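Each chain, written out:
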Amino acid sequence: MDYLRNNIGRVRERIERACASVGRKADEITIVAVSKTVDIAMVQYAAGLGVLDFGENRPQELVEKYNILPEVNWHMIGRLQTNKVKDVVGRACLIHSLDRWNLAEALQRRAELLDLNVPVLLQVNVAGEEQKAGVDPAEVSSFLDAIGQLPRVRVQGFMTMAPLTNNAEDSRPVFQELVQLRNRLRKGSYHQVALDYLSMGMSQDFEVAVQEGANLVRIGTSIFSR
Ligand SMILES: *Cc1c(COP(=O)(O)O)cnc(C)c1O
């Protein structure tokens, strides 16, 4: 598993360099190692190297891995069906993919039942890609206004995905737009909303995301692939 150690070291170095280039500190950034389809043994090995946050995009897989390794942080990063909400609430430390109102309502109902609050990020479809999930940037403000009606659902920030590309610079305007939206809406007063987290950047573009202000980066391939 030497390659895993090397990959993690290299990702950390690249994040440090990206931070240094804009005067940020690397400890502001949490690496969410995207472990979908990755064997639990590899997850345990990564945890041994100090990676404590993992991202899954399928509820079933999140549940299975959570049950084996409940002591690390499990992030739900993929599209969430309302009938799978029961599996994820109480297990995921953060749901990055709140993308529609009826999902928020389902989260509220489950959270009430379990008597907890659900930390979420609102997924924003900055790039406006048809096939991508997420709230339209123009609708984020009214979504945040309304979310006060669902007191168990706690919006902590935003998540976005840039279009697939070979050139990380293509993602920069997408990330910049999300940061601008966050900065603008931070001035508003929404009930039980904190806009502290920006989940943006994957293997293709995490350094650019860090330069633009991400504090959660979701990295799969660059960590887990040989
Ligand atoms: C798979 C996935 C990632 C990680 O992608 P890589 O290119 O492997 O780094 C990040 N975010 C989401 C939502 C994903 O599904």
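Presented here is an overview of the structure given in this document. (Residues numbered from 1 in each chain as written. Predicted model: local features only at pLDDT ≥ 70, side-chain atom pairs only at ≥ 80, totals over all residues. Heavy atoms only, no water.)

### Looking at the packing of aromatic side chains
Part 1 of the argument: Summed over the entire model, instances satisfying the criterion amount to 2 aromatic pairs.
Part 2 of the argument: Taking the centre distance of 5.5 Å and the plane angle of 35° together, the rings of phenylalanine 54 and tryptophan 74 count as tilted. Separated by 20 residues along the polypeptide, phenylalanine 54 in strand β2 (residues 53-56) and tryptophan 74 in strand β3 (residues 73-76) bring together distant segments of the chain. Residues phenylalanine 54 and tryptophan 74 agree in their burial class; the two are buried.
Part 3 of the argument: Taking the centre distance of 5.5 Å and the plane angle of 75° together, the rings of tryptophan 101 and phenylalanine 143 count as edge-to-face. Taken together, the positions of tryptophan 101 in helix α5 (residues 101-114) and phenylalanine 143 in helix α6 (residues 140-147) put the pair 42 residues apart, joining distant regions of the chain.
Part 4 of the argument: The exposure class assigned to phenylalanine 143 is buried, which follows from its relative accessible area of 9%. (Phe/Tyr/Trp six-rings, centres within 6.5 Å; stacked < 30°, edge-to-face > 60°. Helix = DSSP H or I, 4+ residues; strand = E, 2+ residues; numbered from the N terminus. Buried < 20%, exposed > 50% of the residue type's maximum accessible area, 1.4 Å probe, protein only.)

### Details of the pairing of strand β7 (residues 193-199)
Part 1 of the argument: Relative to β7, strand β6 (residues 153-159) runs parallel, the two being bridged by 4 bridges. For phenylalanine 158, the partnering residue across the bridge sits in β7 and is leucine 198.
Part 2 of the argument: Taken together, β6, helix α7 (residues 172-186) and β7 form a β-α-β motif whose crossover is right-handed. (Pairing = 2+ DSSP bridges. Right-handed = clockwise from strand over helix to strand, strands pointing away.)

### Focus: the site of the ligand
Part 1 of the argument: What surrounds the ligand is the set Val34, Lys36, Ile77, Met161, Met202, Ser203, Arg218, Ile219, Gly220 and Thr221.
Part 2 of the argument: One nitrogen or oxygen atom from the side chain of arginine 218 is found 2.9 Å from a nitrogen atom belonging to the ligand.
Part 3 of the argument: In this structure, glycine 220 approaches the ligand through a main-chain N or O atom, which is 2.8 Å from an oxygen atom.
Part 4 of the argument: Calculation on the ligand without its partners gives an accessible area of 390 Å², and the protein chains cover 85% of this total. (Near = heavy atom within 4 Å. Polar contact = N/O pair within 3.5 Å; in protein donor to acceptor, adjacent residues only side chain to side chain. Areas by Shrake-Rupley, 256 points an atom, 1.4 Å probe, with all protein chains shown as cover.)

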